[in-house]
Amino acid sequence: MISSAFSAESLLFNPTTPDSDAIPTIFAFPNEYSVGITSLGYQVIWATLAMRSDVEVSRLFTDIHEQLPRKPELVGFSFSWELDYVNILNLLEFLAIPLRATSRDDNHPIVFGGGPVLTANPEPFANFFDIILLGDGENLLQNLIEGYKEVRKASRQMKLEALAQIPGVYVPSLYKIDYHSCDGGVKSIQPSSQEIPATIEKQTYRGNTLSASTVVTEKAAWENIYMVEVVRSCPEMCRFCLASYLTLPFRTASLEDSLIPAIEKGLSVTNRLGLLGASVTQHPEFETLLNFINQPKYDDVRLSIASVRTNTVTVELARTLATRDTRSLTIAIESGSPQLRQIINKKLHNDEIIQAAINAKAGGLSGLKLYGMVGIPGEEQDDLEQTVKMMLEIKKAAPGLRLTLGCSTFVPKAHTPFQWFGVNRQAEKRLQFLQKQLKPQGIDFRPESYNWSIIQALLSRGDRRLSELLELTRNFGDSLGSYKRAFKQLKGQIPDLDFYVHANWSTEDLLPWSHLQGPLPQSTLLKHLTDARSYKK
């Protein structure tokens, strides 16, 4: 359905009039418009395509779309939430494109995908894509378009073989995966010919101009927000953290050349500003940035900050946020146990966490949300009790501050030192223990669904054999019961749920993503794993 939602947009770039022979392209987000248009990654890639005269791009969401080309040559997906795979399959059907890449022929478009889900571990979804872009889109997308233009008239197979030569472009159908057995691990990963690279390296954009919103609209999930990426990656390198390890190195946007001009541009069309990044307050000139936003001319600006390192929460920061319509602040502590924080490389002390709460209250904030985690490798009952103790100490030190502990279950992620660990089977009971201890004390405890963690782990550690499972669960629904039902149906054809989710894998094993090179080599990840284990008593 073509919608009036597009007419409510304020564009912060100038789309180009496409050439007569421009490549007809569909760029899709596998969710509703209000969700997709709030994704900074989607916005930036769409604007990049729309500013090229050699591409004619149309947007597609699950609920609305622009005028679509009758015969698209390229169909792209921005993939940032695992369970959106269902909508990718639905949209492919809507476009009359076969779900499996191997079922497509020269009459079908090349289907490509990118985004954090696919860069981390594309294998469970690999059979649905012709091309997967690994890494930052800034240069990668431009290289893909230029490469495609050179082979535009060639056969599908020749196109794929040529595009596979571009760094960061992964063509799954050109790699043969063998397994030790139907229910065993990966035995070998081989390119189809000597011309195809044996490993594909994630591409890293190293410029000091990071992303900023290309569109502002009241129809976005975050109404009228203008977003600026302040930093990319995180220097802390917590050993479970995909956001840090997968996006290294830590990069900061130039204050004078990038951030300030971008903010001035955005605040000319809206008064709602979001500062994005895994560790925003660790920008070396964050204080100067704050002073810039604190100018009297921006007094009506509503400010949101994505994430704040605990020991950078100052009274001034809290005051700035409080006067700009932010009532609470979010910090990640993971655990109240100093030993567990050492295991995961969380360089943080309990007194710094307590001081952050005191400063938040002194600056006028009414709430503090902390992020914790259960099931961290090496965790014992005593570690949980220390988390309870610390939460009570925070409450005592900052009376009247509304405290929330959001708590997830540890999920192993590819390209991190903890990728070999499985999900702790006791995690659900541990969430229940924290709930029982904290709720009567007036602390708002918000556990993330343990069942969702199981699905997340399945998708984060999965291999290509899961594509059949994903097609089945699409018909059953996205509950854990649906996945278990699908596993039952495929019994004997693929490994069981435990293999993917709970098993600790050997560091000698070939991993489903072993042919995909992240920022750090496996030898470095193993060293970091050894360091983590050295803290376990």
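Here is what the cut-offs are and how they apply
- Each chain carries its own residue numbering, running from 1 in the written order of its sequence.
- Given that this is a predicted model, residues contribute local features only at a pLDDT of at least 70 and side-chain atom pairs are listed and counted only at 80 or more, while totals for whole chains, interfaces and linings are drawn from all residues.
- Only hydrogens and water are set aside; all other atoms, that is, all heavy atoms of the structure, feed into the side-chain values.
- UniProt positions are given in the numbering used here, feature names are shortened, and annotations may be inferred rather than shown by experiment.
- Starting at the N terminus, helices and strands are each numbered in turn, a helix being any DSSP run of H or I of at least four residues and a strand any DSSP run of E of at least two.
- Each Phe, Tyr or Trp ring (for Trp, its six-membered ring) is paired with any other whose centre lies within 6.5 Å, and the angle between the two planes then decides the class: stacked below 30 degrees, edge-to-face above 60, tilted in between.
- What we call a nonpolar core is a set of buried Ala, Val, Leu, Ile, Met, Phe, Trp, Tyr and Cys residues that are connected through their side-chain atoms within 4.5 Å.
- For each residue, the accessible area found with a 1.4 Å probe, counting protein chains only, is set against the maximum for its type, and the residue is called buried under 20%, exposed over 50%, and partly exposed in between.
- In what follows, residue pairs with any heavy atoms lying within 4.5 Å of each other are defined as contacts.
- Two strands qualify as a pair provided that DSSP identifies no fewer than 2 bridges between them.
- Here an axis means a line fitted to C-alpha atoms, over the contact stretch when the element is a helix, while the angle between two N-to-C directions is reported on a 0 to 180 degree scale.
- Here the word oblique covers every angle except those under 35 degrees (roughly parallel), over 145 (roughly antiparallel) and from 65 to 115 (roughly perpendicular).
- Crossing handedness: left-handed means the near helix sits turned counterclockwise from the far one by under a right angle, and right-handed means the same turn made clockwise.
- Any residue outside Ala, Val, Leu, Ile, Met, Phe, Trp, Tyr, Cys, Pro, Asp, Glu, Lys and Arg is labelled polar, Gly included; the first ten of those are nonpolar and the last four are charged.
- One less than the residue count of a helix, multiplied by 1.5 Å, gives the span that helix is expected to have.
- N or O atoms within 3.5 Å of each other form a polar contact, as long as, within protein, one can give a hydrogen and the other can take it, and as long as residues adjacent in sequence are counted only when both atoms are side-chain atoms.

Under an unreviewed UniProt entry, the name given to the chain is B12-binding domain-containing radical SAM protein, and the source organism is Aetokthonos hydrillicola Thurmond2011.

### A look at the UniProt feature "domain: Radical SAM core" (unreviewed entry) in the chain
Taking the numbering used here, the UniProt-annotated feature "domain: Radical SAM core" (unreviewed entry) corresponds to residues 220-444. Note that residues 220-444 is 36% helix and 19% strand, and that its end C-alpha atoms are spaced 28 Å apart.

### Considerations on the packing of aromatic side chains
For the structure on display, the rule yields 18 aromatic pairs. When the ring of phenylalanine 27 is compared with that of tyrosine 42, the centres are 4.6 Å apart and the planes differ by 5°; the resulting orientation is stacked. Here the residue phenylalanine 27 occupies a position in strand 2 (residues 23-28), and tyrosine 42 occupies one in helix 2 (residues 40-50), the gap between them amounting to 15 residues. Geometrically, the ring pair formed by tyrosine 85 and phenylalanine 125 is tilted, given 6.2 Å between the ring centres and 40° between the ring planes.

### Some remarks on the nonpolar core
Taken as a class, soluble globular proteins show a tendency for nonpolar side chains to be buried jointly. The biggest cluster of nonpolar side chains holds 173 residues, and the ones touching the most others in it are Phe125, Ile131, Leu273, Leu275 and Leu370. A per-element tally of this core places helix 15 (residues 450-461) first, with seven residues. Discounting chain neighbours no more than four positions away, the residues touching phenylalanine 125 are Phe79, Glu82, Tyr85, Val117, Leu118, Leu459 and Leu470. Within the second largest apolar cluster, five residues are counted, among which are Val44, Ile225, Met227 and Leu276.

### Some details on the sheet that holds strand 19 (residues 402-409)
Taken together, the four strands give an open sheet; going across it, the order is 17-18-19-20, and neighbouring strands pair in parallel fashion. Looking along the sheet, the strands with just one partner apiece sit at the ends: strand 17 (328-334) and strand 20 (444-447). Sheet twist, expressed as the mean angle between neighbouring strand axes with direction ignored, is 20°. Strand direction decides the pairing type here: strand 17 and strand 18 (residues 367-374), joined by six bridges, are parallel. Looking at strand 18, one finds that glutamate 334 is bridged to glycine 372.

### As for the packing of helix 13 (residues 381-397) against helix 14 (residues 427-438)
Each pair of packed helices can be described by the angle between their axes along with the distance between the axes. Where helix 13 meets helix 14, the closest approach of the two axes is 10 Å, and the angle between their N-to-C directions is 30°. With respect to each other, helix 13 and helix 14 are oriented roughly parallel. Two packed elements cross with a definite hand, and for helix 13 against helix 14 that hand is right-handed. Contacts between helix 13 and helix 14 involve Gln381, Leu384, Glu385, Thr387, Val388 and Met391 on the former and, on the latter, Arg430, Phe433, Leu434, Gln437 and Leu438. Of the residues contributing to the contact of helix 13 with helix 14, the split by class is six nonpolar, three polar and two charged.

### Observations regarding the environment of phenylalanine 77
Tracing the sequence through the fold places phenylalanine 77 in strand 4 (residues 74-78). Phenylalanine 77 sits in the buried class, given a relative accessible area of 1%. Each C-alpha atom of the pair phenylalanine 77 and tyrosine 42 lies 8.9 Å from the other, and the pair is 35 residues apart in sequence. Apart from the residues within four sequence positions on either side, phenylalanine 77 is in contact with Phe27, Ala28, Ile88, Leu91, Leu92, Val111, Phe112, Gly113, Gly114 and Phe129.

### Section: the sheet that holds strand 6 (residues 131-133)
Strands sit in the order 3-2-4-5-6-7 across an open sheet of six strands; the sheet is mixed. Of all strands in the sheet, those with a lone pairing partner are strand 3 (55-60) and strand 7 (169-170), marking the two edges. Across two bridges, the pairing between strand 5 (residues 110-114) and strand 6 is parallel. From the neighbouring strand, phenylalanine 112 faces strand 6, where its bridge partner is isoleucine 131. With respect to the sheet, helix 5 (residues 137-150) is in contact with strand 2, strand 3, strand 4, strand 5, strand 6 and strand 7, its orientation differing from that of strand 6 by roughly 150°. Against the sheet, helix 6 (residues 156-163) contacts strand 5, strand 6 and strand 7, and its axis sits at roughly 30° relative to strand 5.

### A closer look at the environment of glutamine 493
With respect to the helices and strands, the residue glutamine 493 is situated in the loop between helix 17 (480-489) and helix 18 (497-501). What makes glutamine 493 partly exposed here is its relative accessible area of 41%. Glutamine 493 sits 311 residues away from cysteine 182 along the chain, and the two C-alpha atoms are 5.4 Å apart. Setting aside its immediate chain neighbours within four residues, glutamine 493 contacts Cys182 and Glu468.

### What about helix 15?
An ideal rise of 1.5 Å per residue puts 16 Å on twelve residues; helix 15 measures up with 17 Å between its terminal C-alpha atoms. With eleven of its twelve residues buried, helix 15 lies for the most part within the structure. Residues of helix 15 that are buried include every one of Tyr450, Trp452, Ser453, Ile454, Ile455, Gln456, Ala457, Leu458, Leu459, Ser460 and Arg461, and no others. In this fold, the buried residues of helix 15 make contact with strand 19, helix 14, helix 16 (466-476), helix 17 and helix 18. Sitting at the amino-terminal end of helix 15 is serine 449, which places a side-chain oxygen 3.3 Å from the backbone nitrogen of asparagine 451.

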